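# Analysis of the macromolecular model
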Amino acid sequence: MYTLSDFYLYLKLDIWHTGDVEGWGTVQKIDVYSNGLTNKGCFVIKQPEEYKKDEITKTELQIGLCLLDMYPLDTGQTSKYNNKYKIYNYLVVIYECRLKGTFEDNIYYLKVTNYNTLEQFRKIINDGAQVRRSNWSPIKPKRRVSRFDSSPLNSVSRKH
């Protein structure tokens, strides 16, 4: 079981192949061929060139990784527990970028298998995404009220 930060790191280093990621489920990297077919038997809606030329709203997962697209592939049922639980397969498209999304390096297609519906899985991804504050700056220090009195001993403060 990999943590989400380990998964993002291995994806950035381009050494991810397959494994269980906490919160996501089983994640497999997919190779896409020029005719739209993949090595995992699923069909890709858009080729990498189409993602590069389109202006798409991107969700930043971590610094340098953004979510481009996510859609369901198919639904199955487990043979365990008398077919009680459904298994959902999703195709997640993530791209690696540098300098705030201006230079796209790699586009990764990932097949995710888990027990979550599309709404639940989308919520898990958005909760794990990095939230950036627009008004925060490392240059401006926060004003903090001092909790202790730093005046010299036996001193009296003047009012005027």
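As the structure is a computational prediction, the values presented were derived from the model and not from experiment.

### As for unusual backbone geometry
Even without being glycine, Asp-14 reaches a positive phi, approximately 60°. The topology assignment puts Asp-14 in the loop between helix 1 (4-12) and strand 1 (18-21). Given the relative accessible area of 38%, Asp-14 is considered partly exposed.

### Notes on the packing of aromatic side chains
Across all of its chains, the model carries nine aromatic pairs by this definition. With 5.1 Å between their ring centres and 75° between their planes, Tyr-2 and Trp-16 make a pair best called edge-to-face. Here the residue Tyr-2 occupies a position in the segment before helix 1, and Trp-16 occupies one in the loop between helix 1 and strand 1, the gap between them amounting to 14 residues. On the accessibility criterion, Tyr-2 (31% relative accessible area) is partly exposed.

### With respect to the pattern of salt bridges
If you walk through the whole model with that rule in mind, you get two salt bridges. For Lys-123, the salt bridge is made with Asp-127, and the minimal N-O distance between the two is 3.2 Å. Residue Lys-123 and its partner Asp-127 are both found in helix 3 (residues 118-128); the two are separated by four residues, about one turn of the helix. An identical accessibility class is assigned to Lys-123 and Asp-127; each is exposed.

### Focus: the nonpolar core
Ranked by internal contacts, the top residues of the largest apolar core, which has 21 residues, are Phe-7, Trp-24, Val-92 and Ile-94. Among the elements of the structure, helix 1, strand 4 (65-77), strand 5 (86-98), strand 6 (103-114) and helix 3 are those that each provide at least two residues to this core. Apart from the residues lying within four places of it in its own chain, the contact partners of Trp-24 are Leu-4, Phe-7, Tyr-8, Val-92, Ile-94, Val-112, Thr-113, Asn-114, Phe-121, Ile-124 and Ile-125. Formed by 13 residues, the second largest nonpolar core is a distinct cluster that contains Cys-42, Leu-68, Tyr-71 and Tyr-109.

### Quick look at helix 1
All of the buried residues in helix 1 are Leu-4, Phe-7, Tyr-8 and Leu-11. Around the axis of helix 1, the buried residues are gathered within 95° of arc, so they sit on the same side. The positive-phi residue at the C-terminal boundary of helix 1 is Asp-14, with phi of around 60°.

### Considering a nonpolar patch on the surface
Together, Leu-9, Leu-13 and Ile-15 make up a nonpolar patch on the protein surface, roughly 290 Å² of accessible area in all. Of note, Leu-9 is situated in helix 1. Taking relative accessible area as the criterion, Leu-9 reaches 43% and is therefore assigned partly exposed.

Parameters at a glance
Residues numbered from 1 in each chain as written. Predicted model: local features only at pLDDT ≥ 70, side-chain atom pairs only at ≥ 80, totals over all residues. Heavy atoms only, no water. Helix = DSSP H or I, 4+ residues; strand = E, 2+ residues; numbered from the N terminus. Buried < 20%, exposed > 50% of the residue type's maximum accessible area, 1.4 Å probe, protein only. Phe/Tyr/Trp six-rings, centres within 6.5 Å; stacked < 30°, edge-to-face > 60°. Salt bridge = Lys/Arg side-chain N within 4 Å of Asp/Glu carboxyl O. Core = buried A, V, L, I, M, F, W, Y, C linked by side-chain atoms within 4.5 Å. Contact = heavy atoms within 4.5 Å. Arc of directions from axis to C-beta. Patch = residues over 30% accessible without salt bridge, like charges linked within 9 Å, V, L, I, M, F, W, Y side chains within 5 Å. Areas by Shrake-Rupley, 256 points an atom, 1.4 Å probe, with all protein chains shown as cover.

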